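# Structure assessment
Residues per chain are reported as follows:
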Amino acid sequence: MQITKTVDETRAVVKEWKRQGLTVGLVPTMGFLHEGHASLIERCRQENDRVVVSVFVNPTQFGPNEDLEAYPRDFARDSALCQEKGADLIFHPEPEDMYDDPRAYVSIEGLSDNLCGKSRPIHFRGVCTVVSKLFHIVAPDRAYFGEKDAQQLAIIRKMVKDLNFDLKIVGCPIVREADGLAKSSRNTYLSPAEREAALCLSRSIRRGKEVIGMGMDSQTLLKEMRAVIEAEPLARIDYVSVVDALTMEDVSSINRDVLVAMAVYIGKTRLIDNFSYEI
Ligand code: PAF
């Protein structure tokens, strides 16, 4: 497995693979890899001749008061996991390799206004910008993203369609701990009491899945789901919403494919979870 730091080195490796007619898959990450990332790398390994994992804590997707500095990092552990899962290359740039006084950004209208975009106004512009850059640098045939970040996935799919990126986006299912908590690098911030409290997200998701098929409207569904979270004293809801699966706009009747998504603070840690419902 190779490790590259710069854009030029990475392009040279990929160019040689392409010259040999090999297909390339990309798993973009911010590192501190867990089983959720491992599942993306495994899927990428199955479907491509060469596997690239990018490990880059992208500063442009963090707001001024967010956890950029505190975001967990452990490159030695990440590279061991990538090696074990059969990655061929880790692209691990420094911020200055990726950004040199940037003036060009990629943003997407509408889909980034609701849900996480409401409380993280610059987040998706940063995500779209870095993901576009990674697509230009690695030129993958396929790129793999987790469904836990469902709004991010919808936005990236739309960006790829609108800007004619020549690759396939592959969404992969949420990976959960045995007790239901969705895997996240941010779970590491939780104290033991908070870790226990964080189970209210997956409990609420379970409740939502139980009742959504019963013909209720969004408000009734959300009331059921919110009640589960509100019963947990350490939890504070940022949002629990039912949105159109493609536009990310709130819907009142569940008469189309929807995403049911939530962001909840457990202490100071903001966690997300979701499920999709197809009619
Ligand atoms: O999902 C993430 O970890 C990040 O948002 C991504 C896609 C790697 C871009 O920095």
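Anything mentioned here points back to the structure above.
The following paragraphs examine the structure supplied in this document. The residue numbers shown here count from 1 along each chain, following its written sequence. Only residues with pLDDT of 70 or above have their local features reported here, since the model is predicted, and side-chain atom pairs are shown and tallied only from 80 upward, although totals for entire chains, interfaces and linings are computed over all residues. Side-chain measures were taken over the full set of non-hydrogen atoms in the model, leaving aside hydrogen atoms and water.

Right, let's get into the state of the cysteines. Cysteine sulfur atoms are paired as a disulfide whenever they fall within 2.5 Å. This model, assessed by the stated rule, comprises zero disulfides. With no disulfide of its own, C44 has C172 as its nearest cysteine by sulfur position, at a separation of 8.9 Å. Judged by its relative accessible area of 0%, C44 falls in the buried class. Among the cysteines around C82, which has no disulfide bond, C44 carries the closest sulfur, lying 11 Å off. Look at C82 and you get buried, because its relative accessible area is 0%. Throughout this description, buried means an accessible area under 20% of the type-specific maximum (1.4 Å probe, protein chains only), exposed means over 50%, and partly exposed covers the range between.

Attention now goes to the sheet that holds strand β9 (residues 269-277). Here the rule is simple: two strands pair whenever DSSP picks up at least two bridges between them. Runs of E in the DSSP output that reach at least two residues are strands. Runs of H or I that reach at least four are helices, and both are numbered from the N terminus. Spatial ordering of the open sheet is given by β7-β8-β9, a layout of three strands whose pairing is antiparallel. Each of the sheet's edge strands pairs with one partner strand only, and the pair in question is β7 (235-244) and β9. Taken over all neighbouring pairs, the strand axes of this sheet differ in orientation by 15° on average, direction set aside. In the sheet, strand β8 (residues 258-266) pairs with β9 via nine bridges, with the strands oriented antiparallel. Bridged to V258 within β9 is Y277. Sitting on the sheet, helix α9 (residues 199-211) is in contact with β7, β8 and β9, with an inclination near 15° to β9. For helices, the fitted line uses only the C-alpha atoms of the stretch in contact; every axis is such a line through C-alpha atoms, and the angle between N-to-C directions lies from 0 to 180 degrees. What makes two residues a contact is simply this: any of their non-hydrogen atoms within 4.5 Å.

This next bit is on the nonpolar core. Nonpolar cores are built from buried Ala, Val, Leu, Ile, Met, Phe, Trp, Tyr and Cys residues. Side-chain atoms within 4.5 Å join them into one set. The biggest cluster of nonpolar side chains holds 46 residues, and the ones touching the most others in it are F135 and I169. Looking at this core, the elements that each hand over two or more residues are α1 (7-19), β2 (24-29), β4 (89-91), α6 (123-138), β5 (142-146), α7 (150-162), β7 and β8. Ranked by the residues each element gives to this core, the list is headed by α6, at nine residues. Membership of the second largest hydrophobic core comes to 27 residues, among which are I205, I212, I229 and M262.

Right, let's talk about the site of the ligand for a bit. Residues in close proximity to the ligand include P28, T29, M30, N58, Q61, V127, V130, F145, D149 and Q152, which together make up its full environment. Here a polar contact is taken to be a pair of N or O atoms separated by no more than 3.5 Å, where protein atoms must pair a possible hydrogen donor with a possible acceptor and residues adjacent in sequence count only if both atoms sit in side chains. At 2.6 Å, a side-chain N or O of Q61 approaches an oxygen atom of the ligand. Between the ligand and Q152 there is a distance of 2.7 Å, counted from an oxygen atom to a side-chain nitrogen or oxygen. For the ligand, whose free accessible area comes to 290 Å², the fraction covered by protein is 89%. Within the residue set of the shell around the ligand, elements represented by two or more residues are β2 and α6. Each residue is tested against the molecule or strand, and it is near if at least one of its non-hydrogen atoms lies within 4 Å. All accessible-area figures derive from a Shrake-Rupley calculation using a 1.4 Å probe, and residue coverage is judged against the displayed protein chains alone.

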